[in-house]
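What the coordinates show
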Amino acid sequence: MRLDILTLFPAICAGPLGESMMKRARESGKVDVRIHNLRDWATDKHRTTDDMPFGGGQGMVMKPEPIFAAVEELRTPEARVLLLTPQGSVFKQATAHRLAAEAHLIFICGHYEGVDHRVVEALVDEEVSIGDYVLTNGALAAAVVADAVIRLLPGVLGDDRSAVEESFSHGLLEAPHYTRPAEFRGQRVPDVLLGGNHAAIAKWRAEQGMARTRRNRPDLLG
Ligand code: SAM
């Protein structure tokens, strides 16, 4: 997969996408992440990317010209263009699985009041929000979406079953995990996990996943 990120703040994306599993995925060629500064497509000597809103009001709006120029230069025939915006459909694990099947993604990150709406109308295939709150700009949101998608690419997780068995994959939360020591400050690991009976462990995990979902995320149960 190729992923181009267009942002005014490349360093915000570079940190999270340059560590740990994301770093290894990039170094091993499983994903080709290119983080671009949108100012590189501005044409005036001040590298301007924003202007005042028509109709008045607070804040600035990102100009269409640099965004159109960047997307038109980077776009390939298979590219899917996403805008990170609090007004988009809320990003879910199912969205991550769907996007992980794409060959080329381009993320546009907004700033200020957002982007000129002609960008949405003419360039964007999909508007994506990472939740019902407002961030100062789209770079953090882009890094979140990129991480969730990249870890689902074949071979990125050490064990590809991890992505099948984790929270949300079956519509529920995952069961609790424990490691050594078996007893810590008076708290014992459940006996079933120490017994080696795989059928009993699977049953316990299914029950615990359901109990945690009911307690923390009853909305997932409909
Ligand atoms: N004026 C916009 C509104 O009320 O819908 C909010 C703009 S926000 C301050 C600036 C930028 O941050 C947005 O253009 C978007 O790229 C990004 N952003 C903020 N919250 C986001 C969210 N929940 N999900 C994705 N991107 C977000």
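Our subject is the structure listed above.
All of the points below concern the structure found in this document. Quick caveat, the model's predicted, so the values are computed rather than measured.

1. Some remarks on the site of the ligand
The environment of the ligand is formed by 21 residues, the closest being L84, Q87, G110, Y133 and L135. Contact distances for the ligand include 2.9 Å between a nitrogen atom and a backbone N or O atom of Y133. Relative to its free-state accessible area of 590 Å², the ligand is covered by the protein chains to the extent of 84%. Elements supplying a minimum of two residues to the shell around the ligand: β5 (79–90) and β7 (126–129). Tallying contributions element by element places β5 first for the shell around the ligand, with 4 residues.

2. Quick word on unusual backbone geometry
The step from R180 to P181 runs through a cis peptide bond, and the omega angle for that step is 5°. In this structure, P181 sits in the loop between α7 (162–165) and β8 (183–184). One non-glycine residue with positive phi stands out, namely Y112, at about 55°. Turning to its location among the elements, Y112 is positioned in the loop between β6 (104–109) and α5 (117–122). Backbone geometry places F168, a non-glycine residue, at a positive phi of 80°. Here F168 shows up in the loop between α7 and β8.

3. Topic: the side chain of E126
Residue placement: E126 occurs in strand β7. A polar atom in the side chain of E126 sits 2.9 Å from the side chain of R80.

4. Considering the packing of helix α4 (residues 93–100) against helix α6 (residues 139–150)
Where α4 contacts α6, the axes come no closer than 8 Å and their chain directions differ by 70°. Judged on the interaxial angle alone, α6 and α4 are roughly perpendicular. Helix-helix and strand crossings are classified by hand; for α4 and α6 the assignment is right-handed. Where α4 abuts α6, its residues A96, L99 and A100 lie against V145, A148 and V149. Within the contact of α4 with α6, the residues separate by chemical class into 6 nonpolar, no polar and no charged.

5. Remarks on the sheet that holds strand β1 (residues 2–7)
Paired through their backbone hydrogen bonds, the strands of a sheet run either parallel or antiparallel. One open sheet accounts for 5 strands, arranged β2-β1-β6-β5-β7; its pairing is parallel. For this open sheet the edge positions go to β2 (32–37) and β7, each flanked by a neighbour on one side alone. Averaged over neighbouring strand pairs, the angle between their axes works out to 30° when direction is ignored. As paired elements, β5 and β6 share 6 bridges and run parallel to each other. By the bridge assignment for β6, L84 is matched with C109.

Cut-offs applied
Residues numbered from 1 in each chain as written. Predicted model: local features only at pLDDT ≥ 70, side-chain atom pairs only at ≥ 80, totals over all residues. Heavy atoms only, no water. Near = heavy atom within 4 Å. Polar contact = N/O pair within 3.5 Å; in protein donor to acceptor, adjacent residues only side chain to side chain. Areas by Shrake-Rupley, 256 points an atom, 1.4 Å probe, with all protein chains shown as cover. Helix = DSSP H or I, 4+ residues; strand = E, 2+ residues; numbered from the N terminus. Axes fitted to C-alpha atoms, helices over the stretch in contact; angles between N-to-C directions. Parallel < 35°, antiparallel > 145°, perpendicular 65-115°, else oblique. Left-handed = near helix turned anticlockwise from the far one by under 90°. Contact = heavy atoms within 4.5 Å. Nonpolar A, V, L, I, M, F, W, Y, C, P; charged D, E, K, R; others polar. Pairing = 2+ DSSP bridges.

Coordinates in, geometry out; function isn't part of it.
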